Amino acid sequence: MRILILGGSGTAGKAIVSSLATSENELVVYDLNPEKVIFPKDFHRGSIFFLDVRDTDSFDNLFFSAAPVFSEFDALIYNIAATTELLTLQDSSPEEMKFEKAVDFNPEIWNLMFDINVSPVFRFISKMYYYMDENQDLGKTTRLNKIIVTSSIYGRAIPDFNLYRGSQYISFPGYGASKAALEYLVRWAASFFGPLGLRINAISLGGVFNKHDDRFEQIYGTRVCLSRMARPTDIQGIYPFLLSSHADFITGQVIRVDGGYLP
Ligand SMILES: NC(=O)c1ccc[n+]([C@@H]2O[C@H](COP(=O)([O-])OP(=O)(O)OC[C@H]3O[C@@H](n4cnc5c(N)ncnc54)[C@H](O)[C@@H]3O)[C@@H](O)[C@H]2O)c1
C-alpha cells in the first residue's frame with residue numbers, strides 16, 4: 001500500500017510512522033519538521049518532505065497540481081495538529097503559561113487551531129471530489145479509498161483543570177473544538193463519499209507519555225480506566241488494522257484508543 005502521511009514527527013506521529021513501516025507499505029511523509037521524522041533502520045521504502053499546511057497554495061500545488069499526486073496513494077493519514085503543548089511551550093514566558101490564559105480569546109490561536117487541525121482535511125477531500133468529477137471518475141473505486149484522521153480525547157471529554165493548574169500546559173478550548181469539528185467532518189465525509197467507495201475514520205488518542213512531569217502523569221492516570229497515559233506502542237495496532245481489509249466495513253467512526261478516558 002502506498003500511504004501519504006501528513007504529520008509524522010511528533011510523539012504520536014513517530015509511533016504511527018513506525019507502525020506502518022513494513023515491507024507491504026511505501027510511506028511518503030510530509031511535515032513542518034521533516035528532519036525529525038524517523039524510519040526504522042531496516043525500512044527503505046519511505047520518503048520525507050517539508051510541508052507547512054498553513055500555506056494553502058503549496059498544499060494545493062503539492063497534491064492537486066497538473067499531475068495530481070493525491071491519486072497515486074491508497075491511503076491518507078492526517079496527523080498534523082496545532083496542539084496545546086506546541087502553543088504552550090513555544091515562545092511562552094512563565095507568566096503566559098498560567099492555565100487561566102486559556103480563557104483569553106486570542107483570535108490568532110483560535111483560528112490557527114482550525115486552520116491546522118481541521119480545514120486542510122476538508123480542503124483535501126473537496127479538491128479530491130472535484131478532481132474525480134472532472135475526470136469522470138465518480139462512482140468508480142478511487143485508488144485513494146481510505147482516510148484516517150487523528151483526533152484527541154478533547155474532541156469529546158470535559159477537561160479536568162486539576163491537570164493544568166500549576167503545570168506548564170494550558171488547555172486551549174480551540175484545540176478540543178477543532179477536534180470535535182474534525183470528528184463531525186469524518187461522519188459527514190463518510191456519508192458523502194461512501195457511495196464512491198471511500199472509507200474515512202478518526203482515531204481519537206489519549207495522552208501519550210512524553211516526559212510529562214510526575215504530577216501531570218499521576219492526575220492524568222486518575223481519569224483513565226487503565227490508570228495511565230499511553231505509551232507509543234499502545235497506539236500502534238489500530239492504524240494498520242484500519243487500513244487493512246479487516247476494516248473494510250468500518251467508516252464514519254471515531255475509534256478511541258485512550259485507555260478508557262473518563263468523559
Ligand atoms: N501526543 C499526544 O499525547 C496526543 C494525544 C491526543 C491526540 N494527539 C494527536 O496526534 C496527532 C499527532 O500528534 P503528535 O503527538 O505527533 O504531536 P505533535 O504536536 O508534535 O504533532 C503535530 C504534528 O503536526 C506537525 N505540524 C504542526 N504544524 C504544522 C504545519 N503548520 N504544517 C505541517 N505540519 C505541522 C508537527 O510537525 C507534528 O508532526 C495530532 O493530531 C494530535 O492532536 C496526540
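Residues numbered from 1 in each chain as written. Predicted model: local features only at pLDDT ≥ 70, side-chain atom pairs only at ≥ 80, totals over all residues. Heavy atoms only, no water.

1. Describing helix H2 (residues 56–64)
Since one α-helical turn is 3.6 residues long, residues separated by three or four positions face the same way. Spelled out, the test is: Each residue's exposure class comes from its accessible area (1.4 Å probe, protein chains only) as a fraction of the maximum for that residue type: buried when under 20%, exposed when over 50%, partly exposed otherwise. Numbering of helices and strands starts at the N terminus; helices are DSSP runs of H or I of at least 4 residues and strands are runs of E of at least 2. Arc definition: it is the arc formed by the directions from the helix axis to the C-beta atoms. It only takes one pair of heavy atoms within 4.5 Å for two residues to be counted as in contact.
Considered for burial, the residues of H2 that qualify are Phe59, Asp60, Phe63 and Phe64. On an axial view of H2, the arc spanned by its buried residues comes to 95°, and they lie on one face. Exposed side chains of H2 directed beyond 90 degrees from the buried face belong to Asp57 and Asn61. On the buried face of H2, the contacting elements are strand E1 (2–6), strand E2 (26–31) and helix H5 (119–134).

2. Considering the site of the ligand
Keep this limit in mind: Note on definitions. A residue lies near a molecule or strand when any single heavy atom of the residue is within 4 Å of it. Between N or O atoms, a polar contact is any pair within 3.5 Å; within protein, one atom must be a potential hydrogen donor and the other a potential acceptor, and residues adjacent in sequence are included only when both atoms are from side chains. Only the protein chains shown count as covering a residue, and every accessible area follows the Shrake-Rupley method with a 1.4 Å probe. Each residue gets one of three labels, nonpolar for Ala, Val, Leu, Ile, Met, Phe, Trp, Tyr, Cys and Pro, charged for Asp, Glu, Lys and Arg, and polar for the others, Gly among them.
Every one of the 28 residues lining the ligand counts as a neighbour, but Ala12, Gly13, Asp31, Tyr175 and Val208 are closest to it. Interatomic distance of 3.4 Å between a backbone N/O atom of Leu32 and a nitrogen atom of the ligand. Contacts to the ligand include Thr83, whose side-chain N or O atom sits 3.0 Å from an oxygen atom. Starting from 810 Å² of accessible surface for the ligand in isolation, the protein chains cover 91%. For the shell around the ligand, the secondary-structure elements that each account for two or more residues are helix H1 (11–20), strand E5 (146–152) and helix H6 (173–193). Taken together, the residues of the shell around the ligand break down into ten nonpolar, 14 polar and four charged.

3. Digging into the environment of Ala189
Positionally, Ala189 belongs in helix H6. Look at Ala189 and you get buried, because its relative accessible area is 0%. The sequence separation of Ala189 and Ile200 amounts to eleven residues, and the corresponding C-alpha distance is 7.0 Å. With near-sequence residues (within four places) excluded, Ala189 lies in contact with Ile125, Gly194 and Ile200.

4. Quick look at the nonpolar core
To keep it simple, the criterion reads: To qualify as a nonpolar core, a set must consist of buried Ala, Val, Leu, Ile, Met, Phe, Trp, Tyr and Cys residues joined through side-chain atoms within 4.5 Å.
In terms of nonpolar packing, the biggest core is built from 55 residues, with Leu6, Phe63, Phe124, Met128 and Leu144 touching the most fellow members. Here this core gets seven residues from one element, more than from any other, and that element is H6. Residues Val17, Ala21, Phe39 and Val257 belong to the second largest nonpolar core, which totals 26 residues.

5. A look at the sheet that holds E1
Which entries qualify depends on this criterion: Two strands form a pair only when DSSP identifies at least two bridges running between them. Orientation is described by lines fitted to C-alpha atoms, with helices fitted over the stretch in contact, and by angles between N-to-C directions that extend from 0 to 180 degrees.
What the seven strands build is an open sheet, ordered E3-E2-E1-E4-E5-E6-E7; its pairing is parallel. The open sheet has two edge strands with one neighbour each: strand E3 (46–50) and strand E7 (254–257). Strand-to-strand twist of the sheet, defined as the mean angle between neighbouring strand axes without regard to direction, takes the value 20°. By the bridge criterion, seven bridges tie E5 to strand E6 (residues 199–205) in an arrangement that is parallel. Looking across to E6, one finds that Thr150 is bridged to Ile203. This element, H6, spans E5, E6 and E7 of the sheet and lies at about 155° to E5.

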